[in-house]
Amino acid sequence: MLLKINNLKFTINLKHTLLLGITLLTLNVLSAQEIIEDEVKEVVKKVDTTLAKNAKKIDGVAAVVGDYIILDSDIDKAYLQLQAQGVNTNDIGKCELFGKLLEDKLYAHHAVQDSIPVSDAEIRKNVDYQIQQFLQQTNGSMEKLLEFYKKDDEKSFRDEMFEINKSNQLAAKMQSKIVEEIEITPEEVRDFFNKIPEEDRPTFGTELKVAQIVAEPKVSEEEKQKIIDRLKQFKADIIENGASFRSKAVLYSDDPGSASKGGKYTLNRKQPRMVKEFRQVAFSLQEGEVSEPFETDFGFHIVTLEKIRGQEYDVAHILLIPKVSSEAVKEAKERLEKTRKRIVDGDISFADAAREISDEKETKNDGGQLINPTTQDYNFELTRMDTELYAQIQNLKDDEISLVLSEEDRNRKVKFKILKVTDRVDEHEADYARDYLKIKELALEEKKIRAIEKWQEEKILDTYIKISGAHRTCQFSGNWLKK
């Protein structure tokens with residue numbers, strides 16, 4: 001939502017929460033996080049005791065929060081990491097960032113105390129993914145990456161990344177636990193809205209409802225059978241002749257995300273990742289077994305189960321995508337052009353035409369109405385609309401039908417569509433009846449923030465916290481100095 005509001009406290013809190021909380025937790029700021037045992041001391045270089053008088057301080061402890069410490073260098077690293085991700089840090093003060101690090105350690109400490117579980121395997125996967133992303137910025141050079149983060153070897157870098165990710169995940173889960181049962185009543189929503197002075201009420205940006213009708217070229221039955229027979233030949237060669245499944249995946253699979261890795265994926269029974277049809281086949285196999293060819297929205301597959309590790313299944317697959325003939329492409333386009341003419345001539349409504357001929361099963365029964373993936377309703381805020389969709393509807397007038405457009409979906413399949421703006425609400429000041437759901441969302445967010453603030457106040461008093469040196473002069477929003 002686009003809000004034009006200045007002096008509401010929740011807006012200020014939300015700004016800080018979103019900018020620092022989400023960014024730091026998801027980007028995993030590279031800060032040292034250690035378990036401490038006794039009195040915290042400054043970190044110094046190891047030198048011969050005869051030269052103790054020349055000992056040089058290379059880092060210092062900025063704070064202790066429960067079982068965690070924050071080093072002076074952590075704050076600088078946090079800035080560097082934010083800047084590396086394109087975040088403008090000019091408006092983020094050092095004390096503000098330090099305060100956010102204190103909060104994260106408080107969450108993590110109490111998550112451990114409350115025995116909130118985290119998956120080490122999941123964390124390692126996340127570390128692998130992050131390092132791959134980092135390597136893209138150094139042209140695949142691990143040496144340059146270690147030099148940038150001042151690490152001696154890859155193992156120490158991965159170990160530190162693991163601890164950071166684990167601490168951040170604990171913090172995130174602790175935050176979620178604090179607010180997971182918070183709900184809001186209609187009376188609370190009304191009170192929230194009525195307390196906002198009229199001159200400070202939020203302004204909601206222009207919103208649209210958009211519908212579409214999709215025509216996809218049909219794959220012939222002959223082409224489908226050709227693909228199935230080829231996959232059966234792969235399976236026979238693997239089972240009867242000992243051919244390598246992974247080699248065939250590298251050579252022949254149409255899945256760009258896994259072909260170079262021999263078609264390998266790791267599935268988790270508790271965390272659905274692939275489409276339902278794929279999971280059903282994969283979870284039904286025995287180790288070493290190769291499936292029969294089966295179809296999903298992506299194409300046709302065979303899959304083998306390599307190993308079962310508890311809830312995790314290591315699998316590999318080969319995907320073949322059937323080719324669409326030029327005749328089928330032409331037929332789909334002409335079919336949609338005829339449908340558009342029927343709508344324009346008034347022979348059929350857009351919604352009825354969608355139900356009758358659209359090939360997009362997710363929208364056809366709703367008359368082609370698109371669902372906003374962010375809000376899960378039909379409204380799209382103009383300023384936050386997907387750029388591709390915006391380009392397609394920006395010049396459409398209300399009730400106007402677009403020309404037939406062509407595009408490729410994520411599976412590289414060509415499809416055609418026509419679009420219509422079915423409703424438009426111009427930018428306006430918040431109205432309780434019309435904008436109830438948006439106001440409810442704001443009221444619930446404020447209630448969650450209040451709950452987090454209360455939790456922080458209580459836990460700060462109950463937790464061992466020590467702020468060191470110049471950091472004690474910071475004007476914290478929380479009572480970190482316990483005054």
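All figures in this text were calculated on a predicted structure; none of them were measured in a lab.

Draft legend 1. View of the nonpolar core. With 48 residues, the main nonpolar core has F98, L102, L145, F157, I467 and W480 as its most contacted residues. Those residues within four positions of F98 in sequence are excluded, and the remaining contacts are A62, A63, I70, I75, I467, H471 and F476.

Draft legend 2. Examining unusual backbone geometry more closely. With phi around 55 degrees, N139 is a residue other than glycine that occupies positive phi space. Position of N139 relative to the elements: it lies in the loop between α4 (120-137) and α5 (142-148). One non-glycine residue, D399, lies in positive phi territory at about 70 degrees. If you trace the backbone, D399 turns up in the loop between α14 (387-393) and β10 (405-408).

Draft legend 3. Structural detail: the pattern of salt bridges. On inspection of all chains with the given rule, the structure shows 30 salt bridges. The residue K125 makes a salt bridge to E312 at a minimum N-O spacing of 3.1 Å. Within this pair, whereas K125 is found in helix α4, its partner E312 is found in strand β8 (residues 312-320), the two being separated by 187 residues in sequence. Measuring nitrogen to oxygen at the nearest pair gives 2.8 Å for the salt bridge that ties E306 to R246. Placement of E306 in strand β7 (residues 299-309) and of R246 in helix α9 (residues 245-252) is noted, with a sequence separation of 60 residues between them. Classification of E306 by relative accessible area gives partly exposed; the value is 30%.

Draft legend 4. Quick peek at the state of the cysteines. Summed over the entire model, instances satisfying the criterion amount to 1 disulfide. The disulfide partner of C95 is C474, and the gap between their sulfur atoms is 2.0 Å. Taking the sign of the S-S torsion, -75 degrees for the link of C95 and C474, the bridge is left-handed. A residue pair is termed long-range when its members are at least 10 positions apart, and C95 in helix α3 (residues 94-113) and C474 in the segment after β13 (465-467) qualify at 379 residues.

Draft legend 5. Region of interest: a nonpolar patch on the surface. The grouping of V250, L251 and Y252 at the surface amounts to a nonpolar patch, some 290 Å² of accessible area in total. Within the secondary structure, V250 sits in helix α9. According to the relative accessible area criterion, V250 is partly exposed, its value standing at 46%.

Draft legend 6. Highlighting a negative patch on the surface. On the surface, E198, E199, E429 and D431 cluster together to form a negatively charged patch. Mapped onto the secondary structure, E198 falls in the loop between α7 (186-194) and β3 (203-204).

Draft legend 7. How the structure looks around the packing of aromatic side chains. For the structure on display, the rule yields 7 aromatic pairs. Aromatic pair F234 and Y252: ring centres 5.0 Å apart, planes at 25 degrees, arrangement stacked. Here Y252 lies in helix α9 and F234 lies in helix α8 (residues 221-241), a separation of 18 residues in the sequence. The exposure class assigned to Y252 is partly exposed, which follows from its relative accessible area of 33%. An aromatic cluster is defined as three or more aromatic residues linked by ring pairs; in this entry it consists of F193, Y432 and Y436.

Draft legend 8. Representation of the packing of α4 against helix α6 (residues 154-179) within the structure. Packing of α4 against α6 leaves a shortest axis separation of 9 Å and a crossing angle of 120 degrees. The angle between α4 and α6 places the two elements in the oblique class. Handedness of the α4/α6 crossing: right-handed. On the side of α4, the interface is formed by D120, E122, I123, R124, N126, V127, D128, Q130, I131 and F134, while α6 contributes F157, R158, M161, F162, N165, K166 and Q169. Here the residues of the contact of α4 with α6 sort into 7 nonpolar, 4 polar and 6 charged.

Draft legend 9. Structural context of the pairing of strand β2 (residues 68-71). The two faces of β2 match: Y68 and I70 on one face and I69 and L71 on the other face are all buried. Where strand β1 (residues 61-65) and β2 come together, 4 bridges link them in antiparallel fashion. Opposite V64, over in β2, you have I69 as the bridge partner. Hairpin connection, β1 to β2: the antiparallel pair is bridged by 2 residues, and G66 has positive phi, about 60 degrees.

Draft legend 10. Broad picture of the packing of α7 against helix α15 (residues 436-462). Running from N to C, α7 and α15 cross one another at 90 degrees; their axes reach a closest spacing of 9 Å. If you check the angle between α7 and α15, you find them roughly perpendicular. Here P186, E188, V189, F192 and F193 of α7 lie close against α15, whose contacting residues are Y436, I439, K440, L442, A443, E446 and K447.

Draft legend 11. Up close: the sheet that holds strand β11 (residues 414-425). Spatial strand order, β9-β4-β11-β10: 4 strands in an open sheet with antiparallel pairing. Among the strands making up the open sheet, the edge pair consists of β9 (379-381) and β10. If you compare each strand with its neighbour and ignore which way they point, the axes differ by 50 degrees on average. Bridge analysis of strand β4 (residues 207-215) against β11 gives 9 bridges, and the strand direction is antiparallel. When the bridges of β11 are listed, V214 appears paired with K417. In the packing of helix α12 (residues 350-357) onto the sheet, the strands contacted are β4 and β11, and the crossing angle to β4 comes to about 40 degrees.

Draft legend 12. Spotlight on the side chain of T363. With respect to the helices and strands, the residue T363 is situated in helix α13 (residues 361-364). Residue class for T363 comes out buried when judged on its relative accessible area of 6%. Here E360 takes part through its side chain, which lies 2.8 Å from a polar atom of the side chain of T363. Non-local contacts of T363, meaning those with residues more than four positions away in its chain, are made with Q212, G368, Q369 and L370.

Draft legend 13. Seen up close, α7. Turning to α7, its buried residues number three or more, namely V189, F192 and F193. One side of α7 holds all its buried residues, which, seen down the axis, span an arc of 95 degrees.

Draft legend 14. Quick peek at a positive patch on the surface. Together, K226, R230, K323 and R412 line one region of the surface with positive charge. Following the sequence through the fold, R230 ends up in helix α8.

Definitions and cut-offs
- Here the residue numbers are simple positions, counted from 1 along each chain's written sequence.
- Where totals are concerned, whole chains, interfaces and linings use all residues; where local detail is concerned, this predicted model gives features only for residues with pLDDT of at least 70, and gives and counts side-chain atom pairs only at 80 or more.
- Remark: hydrogens and water are excluded; side-chain values derive from all non-hydrogen atoms of the structure.
- Put simply, buried Ala, Val, Leu, Ile, Met, Phe, Trp, Tyr and Cys residues joined by side-chain atoms within 4.5 Å make one nonpolar core.
- Only protein chains enter the accessibility calculation, which uses a 1.4 Å probe; a residue whose area is less than 20% of its type maximum is buried, one above 50% is exposed, and one in between is partly exposed.
- By definition, residues are in contact when any of their heavy atoms lie within 4.5 Å.
- A run of H or I in DSSP becomes a helix once it reaches four residues, and a run of E becomes a strand once it reaches two; helices and strands are each numbered from the N terminus.
- The term salt bridge refers to a pairing of a side-chain nitrogen on Lys or Arg with a carboxyl oxygen on Asp or Glu at a separation within 4 Å.
- Count a disulfide wherever a pair of cysteine sulfur atoms falls within 2.5 Å.
- Exposure above 30% relative accessible area and the absence of a salt bridge qualify a residue for a patch, where like charges join within 9 Å and nonpolar side chains (Val, Leu, Ile, Met, Phe, Trp, Tyr) within 5 Å.
- Every accessible area reported is derived by Shrake-Rupley at a probe size of 1.4 Å, with residue values counting cover from the shown protein chains alone.
- For the charge count, each Lys or Arg is scored as positive and each Asp or Glu as negative, with His and the chain ends excluded.
- Where a charge lies is defined by one atom per residue type: Lys uses NZ, Arg uses CZ, Asp uses CG and Glu uses CD.
- Between rings of Phe, Tyr and Trp, where Trp is taken as its six-membered ring, a pair exists when centres lie within 6.5 Å; planes separated by under 30 degrees are stacked, by over 60 edge-to-face, and by other angles tilted.
- Orientation is described by axes fitted as lines to C-alpha atoms, over the contacting stretch for helices, and by angles from 0 to 180 degrees between their N-to-C directions.
- Orientation is classified from the angle alone, with under 35 degrees giving roughly parallel, over 145 giving roughly antiparallel, 65 to 115 giving roughly perpendicular, and any other angle giving oblique.
- By definition, turning the near helix anticlockwise from the far helix through less than a right angle yields a left-handed crossing, and turning it clockwise yields a right-handed one.
- Ten residues, namely Ala, Val, Leu, Ile, Met, Phe, Trp, Tyr, Cys and Pro, are considered nonpolar, four, namely Asp, Glu, Lys and Arg, are considered charged, and the remaining ones, Gly among them, are considered polar.
- Only strands joined by at least two bridges in the DSSP assignment are considered to pair.
- We define a polar contact as two N or O atoms separated by no more than 3.5 Å, with the added condition that, inside protein, one atom must be a possible hydrogen donor and the other a possible acceptor, whereas residues neighbouring each other in sequence contribute only through side-chain atom pairs.
- This arc describes the spread of directions from the helix axis toward the C-beta atoms.

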